[in-house]
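Architecture and fold: a report
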Amino acid sequence: MTTPKLINPLQQPVNILLVGVGGQGTILASNVLAELGLRLGLDVKQAEIHGMSQRGGSVVSHLRWGEKVFSPIIPPSEADILLAFEKLEAARFSNHMRLGGIALVNDHNINPMTVSAGLVEYPDHAQIQGILNRVTDYIYWINGLKIAEELGNTRTANVVLLGALSALMAIDLTDWITVIQARLPAKVVEVNLKAFQAGRQALIAKALEKL
């Protein structure tokens, strides 16, 4: 099994590509990460691509942290982290990752219109895993929606994924919590912090399995 790696953004530039479909909270997650980078004293650049998000189309956010960042767009094959809120989107954007990068994937599928119309079949889990394995062995699957459902609020699935990501980054937990508290409305902070912690613990358990 591949030993889990830990990314320290204070020692290296970090490129994070967030991908999902409309309604999954991809942009909110990107905004939280952007503010986290600023809190760490890093230069932060962010760019978003909204497809037909209101109809479940792709949503992509490029996020770059570093001492000095000149462009918000991550060049091809240079994403250090692929944070995917939907399985097929992970496969679609796997070629944006650098070799040996980290893929953190929500184990959840949302059928695109082509699948719903019966034009193509949704690839099975093994096929998606195989596509990701062409680029990296550092692949972590988290059932963000299931965890969010157990907490009683499915809208927190994106924050579950952020919690999982936090376990792979050498960033003080206090910084994550402070940014979440500042970014989200007060009435949903408590449940989102629970989602964050649940995602973090889920990833730690996954990482221990790989040791």
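It should be noted that the structure appears before, not after, this text.
Here's a quick rundown of the structure.

Check the secondary structure of the protein chain and you find 8 helices and 6 strands. The order of α-helices and β-strands along the protein chain, N terminus first, is β-α-β-β-β-α-β-α-α-β-α-α-α-α. For a compact globule of 211 residues, the expected C-alpha radius of gyration is about 17 Å, and the protein chain comes in at 16 Å, within 12% of that figure. Viewed in the frame of its principal axes, the protein chain has a C-alpha envelope of about 50 × 40 × 35 Å. Split into buried and exposed, the 211 residues of the protein chain put 49% on the buried side.

Attention now moves to helix α1 (residues 26-39). For an α-helix the count is 3.6 residues per turn, leaving residues at separations of three or four pointing the same way. Given a rise of 1.5 Å per residue, 14 residues ought to cover 20 Å, and the 20 Å separating the end C-alpha atoms of α1 matches this to within 8%. Taken across its 14 residues, α1 has 10 buried, putting it largely inside the fold. Taken residue by residue, α1 has Thr26, Ile27, Ala29, Ser30, Asn31, Val32, Leu33, Ala34, Leu36 and Gly37 as its buried positions. The first or second residue beyond α1 is Gly41, which carries a positive phi of 85°.

So, on to the packing of α1 against helix α7 (residues 173-183). Axis angle and axis distance: for two packed helices, these are the angle between their axes and the distance between the axes, and together they describe the pair. Packing of α1 against α7 leaves a shortest axis separation of 9 Å and a crossing angle of 125°. As summarised for this structure, α1 and α7 are arranged oblique, according to the angle between their axes. Remark: the crossing between α1 and α7 carries right-handed chirality. Residues Leu28, Asn31, Val32, Leu33, Glu35, Leu36 and Arg39 of α1 lie in contact with α7, whose contacting residues are Asp175, Trp176, Thr178, Val179, Ile180 and Arg183. Of the residues in the contact of α1 with α7, the class split is 7 nonpolar, 2 polar and 4 charged.

This next bit is on the layout of surface pockets. Of the voids in this model, the largest pocket is the one considered here, and its volume is about 440 Å³. Lining the largest pocket are 20 residues, with Gly23, Gln24, Arg155, Thr156 and Asn158 sitting closest to its centre. Top contributing element to the lining of the largest pocket by residue count: helix α8 (residues 186-210), with 3 residues. Broken down by class, the residue content of the lining of the largest pocket amounts to 8 nonpolar, 10 polar and 2 charged.

Looking now at the pairing of strand β1 (residues 14-21). Looking down a regular strand, the side chains alternate between one sheet face and the other. Judged by how many residues are buried, β1 sits mostly within the fold: 8 of 8 residues are covered. Here β1 shows a buried face lined by Val14, Ile16, Leu18 and Gly20 and a second buried face lined by Asn15, Leu17, Val19 and Val21. Taken together, the 4 bridges between β1 and strand β4 (residues 79-84) define a ladder with parallel strand orientation. Across the sheet, residue Ile16 finds its bridge partner in β4, namely Ile81.

Right, let's talk about the packing of α1 against helix α6 (residues 157-166) for a bit. Interhelical geometry of α1 versus α6 gives an angle of 40° and a closest axis separation of 9 Å. Here α1 lies oblique to α6, going by the angle between them. Handedness of the crossing formed by α1 with α6: right-handed. Contacts between α1 and α6 involve Leu28, Ala29, Val32 and Leu33 on the former and, on the latter, Asn158, Leu162 and Leu165. Looking at the contact of α1 with α6 residue by residue, the classes come out as 6 nonpolar, 1 polar and no charged.

Each value, and the rule that gives it
Residues numbered from 1 in each chain as written. Predicted model: local features only at pLDDT ≥ 70, side-chain atom pairs only at ≥ 80, totals over all residues. Heavy atoms only, no water. Helix = DSSP H or I, 4+ residues; strand = E, 2+ residues; numbered from the N terminus. Rg over C-alpha atoms; globule rule 2.2 N^0.38 Å. Buried < 20%, exposed > 50% of the residue type's maximum accessible area, 1.4 Å probe, protein only. Expected span 1.5 Å × (residues − 1). Axes fitted to C-alpha atoms, helices over the stretch in contact; angles between N-to-C directions. Parallel < 35°, antiparallel > 145°, perpendicular 65-115°, else oblique. Left-handed = near helix turned anticlockwise from the far one by under 90°. Contact = heavy atoms within 4.5 Å. Nonpolar A, V, L, I, M, F, W, Y, C, P; charged D, E, K, R; others polar. 1 Å grid on protein atoms, 1.4 Å probe; cavity = no way out; pocket = protein on both sides within 12 Å on 5 of 7 lines; lining within 4 Å. Points joined across faces, edges and corners; volume = space filled by probe spheres on them. Pairing = 2+ DSSP bridges.

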